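What follows is each chain in one-letter form.
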Amino acid sequence: MLRSSLLIVSVFITAGTSNVAPSEAMSTRHHHTPDVRELLGSARGVAPSVCLLAADGVASTGRWGGGFWDAPAMSIGAEVRMRIREMLRARLSGDDQRALLEALGAEDACVRHLAATIIGRSEDKAFVGPLTSRTSAPSAGERQSAAIALGLLGARDGVDPLLRVLRDPSPDARADAAWALGRIGDKNASRNLATLLRDQYPDVRAAAVVALGRIQARDNVDELLRVLRDDTSPEVRRVAAWALGQLAARAAIGGLSSALKSDRSSEVREMSAWALGEMNSREAAESITSALKNDDSPEVRETAAWALGEMNIRGSSDALADALARDRESEVRATAAWALGQVHADRAPAALIAALRDGDDDVRLKAAWALSQIADPAAVPAVSEALKQDQPERVRQALVRALLQSGEHSEEALTGLLQSKDDKTRELAVRALTGRRGPWPWPWPWPRPRPTP
């Protein structure tokens, strides 16, 4: 029921209060709950970039106990946010609904954007009928906004009108209709969406590609491979690599490997490495290893390291160890260390042991975690030495686990940990000395988030 436009308050709630003293203005704002028409009116004339941040939300929506969490005393206070939230959570009246639908045709782009967002997040399917009629409105902006709202609502009854908008003279309307169909997820739309893969506008082509990936349109693999190979837009090629990864078609492995090797855009190469790892494409291990060793982009090298770990290719240990030892970027070294813990090596590579002295905390954390996975007794001296150094809490916990998983349970190695200033480290040492192994408060270090379309 929550309409995720709550940050709009922080930009628009001050409308009409510029001549009021600050304390009086804040007092007024804290005790006034605006209605939908006022909220839409206050959006008029706002700069597009500010409108985007406000309507889509870049900060907390005030959900305690999970998700994001605001500082308690922000410039726009929690009480103001609460009142706006109450307004948006309340059941929309008939007047509210009419105001929102009218706003879809407003001349001001921010008003249209805000109205479409609130309608889409309302989860109120009563909007679907009026929205479908507006996909034929004279104004391109209104048709575009109606498509966005239908997509946010996930309205299957809106599929046929949206298919007609795919032929709209406005490229923005075509792009948003494609996006909406991807959100709704109706596979019957795939043939119509595929016609947009040759649209003259890159935004339209990109939206169609992403929609085909979301609806798992496997009949379009060849056409997506053509896009990945030939499209003039790096962004369209990038999302084509993502879509092919979503489809997990074996026929795409060769094309993705070629893109990883030779595409001019590092973002396309990065996404190609991700797609191959997501598909567990062991046939592409050589291409991925080459990218880890040779690509100029640290993002590509890191994603290549992640892909090798994700595929659990034991033969990649040497390449990962070399990256851990030599790569100049800490993110690449950290992910290479993580991957070494994934590939189940029989013995800990020397580079992984040496990484316990790396200057980056995250590299040391993931190296300690990987050593705990490999459980090589030969690493015990280095782990014991690392525990004598000043370490962040999470690194120290991972080191203790590495020590025990490697078979070291001697009092000499563990009693020193009883003097640690860190409660959890002392707890781990007590558990180890008394033979109790769990529960373990140790971190699970994942690599950085993979690319998204």
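Residues numbered from 1 in each chain as written. Predicted model: local features only at pLDDT ≥ 70, side-chain atom pairs only at ≥ 80, totals over all residues. Heavy atoms only, no water.

Counting secondary structure elements, the protein contains 27 helices and zero strands. Classification of the 453 residues of the protein by burial places 54% in the buried group. For the protein, the exposed surface amounts to about 21000 Å²; the carbon and sulfur share of it is 48%. (Helix = DSSP H or I, 4+ residues; strand = E, 2+ residues; numbered from the N terminus. Buried < 20%, exposed > 50% of the residue type's maximum accessible area, 1.4 Å probe, protein only. Areas by Shrake-Rupley, 256 points an atom, 1.4 Å probe, with all protein chains shown as cover.)

With that settled, the discussion passes to the packing of helix H18 (residues 285-294) against helix H20 (residues 317-326). Axis separation between H18 and H20 bottoms out at 10 Å; the angle between their running directions is 15°. As judged from the angle between their axes, H18 and H20 are roughly parallel. In the crossing of H18 with H20, the sense of the turn from one axis to the other is left-handed. In contact with Thr 289, Leu 292 and Lys 293 of H18, H20 contributes Ala 319, Leu 320 and Ala 323. Taken together, the residues of the contact of H18 with H20 break down into four nonpolar, one polar and one charged. (Axes fitted to C-alpha atoms, helices over the stretch in contact; angles between N-to-C directions. Parallel < 35°, antiparallel > 145°, perpendicular 65-115°, else oblique. Left-handed = near helix turned anticlockwise from the far one by under 90°. Contact = heavy atoms within 4.5 Å. Nonpolar A, V, L, I, M, F, W, Y, C, P; charged D, E, K, R; others polar.)

We now examine H18. Looking at H18, one finds that the buried residues are Ala 285, Ile 288, Thr 289, Ala 291 and Leu 292. Projected down its long axis, H18 carries its buried residues within an arc of 155°, all on one side. Exposed residues on H18 whose side chains face more than 90 degrees from its buried face are Glu 286, Lys 293 and Asn 294. Taken together, the buried residues of H18 touch helix H16 (253-262), helix H17 (266-278), helix H19 (298-311), H20 and helix H21 (330-342). (Arc of directions from axis to C-beta.)

Looking at the element boundaries, Gln 97 is found in helix H6 (residues 94-103). Looking at Gln 97, the relative accessible area reads 24%, which means it is partly exposed. In the structure, Gln 97 is positioned 29 residues away from Ala 126 in sequence and 9.4 Å away in space, judged by C-alpha atoms. In this structure, Gln 97 is in contact with Leu 92, Asp 124 and Phe 127, ignoring residues within four places of it in sequence.

Despite not being glycine, Ala 248 shows a phi value in the positive range, around 55°. Given the relative accessible area of 41%, Ala 248 is considered partly exposed. Here the phi dihedral of Ala 375 falls at roughly 55°; this positive angle occurs in a residue that is not glycine. Counting through the fold element by element, Ala 375 comes out in the loop between helix H23 (361-374) and helix H24 (380-387). Overall, Ala 375 belongs to the partly exposed group, its relative accessible area being 28%.

All right, on to the pattern of salt bridges then. In total, this model carries 19 salt bridges according to the counting rule given. As a salt-bridge pair, Arg 326 and Asp 322 come within 2.6 Å of each other at their nearest N and O atoms. Of this pair, Arg 326 and Asp 322 both sit in helix H20, four residues apart, which is roughly one turn of the helix. Exposure remark for Arg 326: the relative accessible area of 66% places this residue in the exposed category. A residue is classified by how much of its surface remains accessible, and Asp 322, at 34% relative accessible area, is partly exposed. A single network of salt bridges, built from pairs that share partners, joins Arg 37, Asp 95 and Glu 102. (Salt bridge = Lys/Arg side-chain N within 4 Å of Asp/Glu carboxyl O.)

Let us look at the side chain of Thr 335. Considering the arrangement of structural elements, one finds Thr 335 in helix H21. Exposure remark for Thr 335: the relative accessible area of 0% places this residue in the buried category. What Thr 335 contacts, discounting residues up to four positions off in sequence, is Glu 302, Ala 305, Trp 306 and Pro 447.

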